[in-house]
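Below, each chain spelled out in residue letters.
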Amino acid sequence: LMKKMKLIKKIKSKLIVSCQPVVKGTLDNHASILALAQASVNGGASALRINGEKNVYNIKKKTKVPIIGIKKRKLKNSEVVITPFCEDVKSLAESGADIIAFDATLRKRPVEINKLIEAIHKNNCIAMADCSNFYEAINATELGADIVATTLSGYTKNKTVPKNPDFRMITKYKTNTHNKPIIAEGRFNTPKLAAEAIRRGAHAVVVGTAINRVEIITNWFVEAMNK
């Protein structure tokens, strides 16, 4: 427990970098993902969010920062993508993940939230609940998650994804009494937005696309210049 508390404290007010390149893109291979992770750490990332046990294993060996491990899957009968199964938890833990993040939305799911949290704790890891709204964050907290995150806000309803991050979810969760650390993740695409999240009480900020998805960043410039 002390180790857990220490690790959570270590990332307070810090930047976490997600190293998930565009799927099937040029950088979507183990060597490039390791290079992106190392470059992110060199730039000051205090932790990394990594998809897949092989990547977690490679990066854990070569870096000294805590790793949030996830396993993304495409399921036929559920929209849950992030770490849906207990065996995913086990393989991520065995590969060296310190924190394991999972989808904690209240959608139809293959494995109950409390079962996943239990599996994460049994494997001596920190449970990070990726939520899409305030109620899911409260639910995950009550079920024993160590950290909640705004990761899925704006991505679960099939409407267009909002342009801005969900600051309201952070503020609302922070004003609740028994809160756990809430991590800001999802559309924190500028340094200014990341700093604002910390100012509003986020424990840490995860930035992925704006740092490591070269094709998308390039496209932002192209689009802006074509207007």
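Residues numbered from 1 in each chain as written. Predicted model: local features only at pLDDT ≥ 70, side-chain atom pairs only at ≥ 80, totals over all residues. Heavy atoms only, no water.

## Quick look at the confidence of the model for the protein chain
So, point 1. A residue-level look at the protein chain finds 99% of positions with pLDDT of 70 or above and a mean pLDDT of 97.
So, point 2. Within the protein chain, the element-level pLDDT minimum falls on helix α1 (residues 2-10), averaging 94, and the maximum on strand β2 (residues 47-51), averaging 99. (pLDDT = per-residue confidence, 0-100. Helix = DSSP H or I, 4+ residues; strand = E, 2+ residues; numbered from the N terminus.)

## A closer look at the sheet that holds strand β6 (residues 147-149)
So, point 1. Read around the closed barrel, the eight strands follow the order β1-β2-β3-β4-β5-β6-β7-β8; overall the barrel is parallel. Pairwise comparison of adjacent strand axes, ignoring direction, gives a mean angle of 25° for this sheet.
So, point 2. Relative to strand β8 (residues 204-207), strand β1 (residues 14-18) runs parallel, the two being bridged by four bridges. Pairing of Ile 16 across the sheet is with Val 206, part of β8. (Pairing = 2+ DSSP bridges. Axes fitted to C-alpha atoms, helices over the stretch in contact; angles between N-to-C directions.)

## Points about α1
So, point 1. Three or more residues of α1 are buried, namely Lys 4, Leu 7 and Ile 8. Projection of α1 onto a plane perpendicular to its axis shows the buried side chains occupying an angular sector of 100°, all on one side. For α1, exposure combined with an orientation more than 90 degrees from the buried face picks out Met 2, Lys 3, Lys 6 and Lys 9.
So, point 2. If you follow the buried residues of α1, they end up packed against β4 (99-103), α5 (113-122), β5 (126-130) and β6. (Buried < 20%, exposed > 50% of the residue type's maximum accessible area, 1.4 Å probe, protein only. Arc of directions from axis to C-beta. Contact = heavy atoms within 4.5 Å.)

## Regarding the pattern of salt bridges
So, point 1. Applying the stated criterion across every chain yields a total of 12 salt bridges.
So, point 2. A salt bridge links Arg 49 to Glu 185, with the nearest nitrogen and oxygen atoms 3.1 Å apart. A residue pair is termed long-range when its members are at least 10 positions apart, and Arg 49 in strand β2 and Glu 185 in strand β7 (residues 182-185) qualify at 136 residues.
So, point 3. Taking the relative accessible area as the measure of exposure, Arg 49 reaches 1% and is therefore buried.
So, point 4. Using a relative accessible area of 9% as the deciding quantity, one classes Glu 185 as buried.
So, point 5. We note a salt bridge from Arg 107 to Asp 103, for which the minimum N-O separation is 2.7 Å.
So, point 6. Members of the salt-bridge network, linked through shared partners, are Glu 79, Asp 103, Arg 107 and Arg 109. (Salt bridge = Lys/Arg side-chain N within 4 Å of Asp/Glu carboxyl O.)

## Things to note about the nonpolar core
So, point 1. Judged by nonpolar contacts, the single largest core of 47 residues is most densely connected at Leu 48 and Phe 102.
So, point 2. Among the elements that take part in this core, α5 stands out by supplying five residues, more than any other.
So, point 3. Filtering out sequence-adjacent residues up to four positions away, Phe 102 remains in contact with Ile 82, Thr 83, Arg 109, Ile 113, Leu 116, Ile 117, Ile 120, Ala 127, Met 128, Ala 129 and Asp 130.
So, point 4. Of all hydrophobic cores here, the second largest spans 18 residues; its members include Ile 8, Ile 70, Ile 99 and Ala 149. (Core = buried A, V, L, I, M, F, W, Y, C linked by side-chain atoms within 4.5 Å.)

## Regarding the packing of helix α2 (residues 30-42) against helix α3 (residues 53-62)
So, point 1. Direction vectors running N to C along α2 and α3 enclose 45°, while the axes themselves pass 10 Å from each other. In this view, α2 runs oblique relative to α3, as classed from their interaxial angle. The interaxial crossing formed by α2 with α3 has right-handed handedness. Between α2, through His 30, Ile 33, Leu 34, Ala 37 and Gln 38, and α3, the contact on the second element is made entirely by Lys 54, Asn 55, Asn 58, Ile 59 and Lys 62.
So, point 2. Within the contact of α2 with α3, the residues separate by chemical class into four nonpolar, four polar and two charged. (Parallel < 35°, antiparallel > 145°, perpendicular 65-115°, else oblique. Left-handed = near helix turned anticlockwise from the far one by under 90°. Nonpolar A, V, L, I, M, F, W, Y, C, P; charged D, E, K, R; others polar.)

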